[in-house]
Amino acid sequence: MAVAFVFPGQGSQAVGMGKSLAANFAAARLIFDEVDTALGSKLSSIIFEGPSDTLTLTENAQPALMAVSLATLRVMEIEAGLNLQRDAQFVAGHSLGE
């Protein structure tokens, strides 16, 4: 079976993305906490609760998409044993996701 990882780019952000992931997996919560600490602000609050016009700003949308992508990947690594370097036959992304 071929495995492909596809990462989204700016424009695909949506308020609430990653919220259930963070609620259900400690590994995802750690990623969001790391991002909040690195930025010195609660980007996770904007990601999970909005408002949409604030999330859509480039300075929020790009790190938000990166955070959700990393959180998703980390959960897949821990919960499903997937490894990007070992398992991916294809990797694709749009814009930031490249």
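Refer to the preceding data block for the structure.
Source: prediction; values computed, not measured.

Criteria and cut-off values
- Residues numbered from 1 in each chain as written.
- Predicted model: local features only at pLDDT ≥ 70, side-chain atom pairs only at ≥ 80, totals over all residues.
- Heavy atoms only, no water.
- Phe/Tyr/Trp six-rings, centres within 6.5 Å; stacked < 30°, edge-to-face > 60°.
- Helix = DSSP H or I, 4+ residues; strand = E, 2+ residues; numbered from the N terminus.
- Core = buried A, V, L, I, M, F, W, Y, C linked by side-chain atoms within 4.5 Å.
- Buried < 20%, exposed > 50% of the residue type's maximum accessible area, 1.4 Å probe, protein only.
- Contact = heavy atoms within 4.5 Å.
- Expected span 1.5 Å × (residues − 1).
- Axes fitted to C-alpha atoms, helices over the stretch in contact; angles between N-to-C directions.
- Parallel < 35°, antiparallel > 145°, perpendicular 65-115°, else oblique.
- Left-handed = near helix turned anticlockwise from the far one by under 90°.

## Focus on the packing of aromatic side chains
Then comes step 1: Using the criterion set out here, one finds one aromatic pair in the structure.
Then comes step 2: When the centroid spacing of 5.0 Å and the interplanar angle of 70° are considered together, the rings of Phe32 and Phe48 count as edge-to-face. A residue pair is termed long-range when its members are at least 10 positions apart, and Phe32 in helix α2 (residues 26–39) and Phe48 in helix α3 (residues 43–49) qualify at 16 residues.

## Looking at the nonpolar core
Grouped burial of nonpolar side chains is what soluble globular proteins tend to show.
Then comes step 1: Core analysis: the biggest nonpolar cluster contains 19 residues, and Met17, Phe32 and Ile47 have the highest contact counts within it.
Then comes step 2: Of all the elements in the fold, those that place two or more residues in this core are α1 (19–24), α2, α3 and α5 (58–80).
Then comes step 3: Among the elements that make up this core, the one with the highest residue count is α5 (six residues).
Then comes step 4: With residues near it in sequence (within four places) discarded, Phe32 still touches Gly18, Ala22, Ser44, Ile47, Phe48, Ala67, Val68 and Ala71.

## Here we look at α2
Owing to its 3.6 residues per turn, the α-helix brings residues three or four apart onto one side.
Then comes step 1: With 14 residues, α2 extends 20 Å from end C-alpha to end C-alpha; this agrees with the ideal 20 Å at 1.5 Å per step.
Then comes step 2: Listing the buried residues of α2 in full gives Ala27, Ala28, Ile31, Phe32, Val35 and Asp36.
Then comes step 3: In the core, the buried residues of α2 are packed alongside α1, α3 and α5.
Then comes step 4: Gly40 sits one or two residues past α2 and shows a positive phi near 70°.

## Some thoughts on the packing of α2 against α5
Then comes step 1: The geometry of α2 relative to α5 is characterised by a closest axis approach of 8 Å and an angle of 150° between their N-to-C directions. In terms of orientation, α2 lies roughly antiparallel with respect to α5. Crossing angle aside, the handedness with which α2 passes α5 is right-handed. Across from Ala27, Ala28, Ile31, Phe32, Val35 and Leu39 in α2, the residues of α5 making contact are Pro63, Ala67, Val68, Leu70, Ala71, Arg74, Val75 and Ile78.

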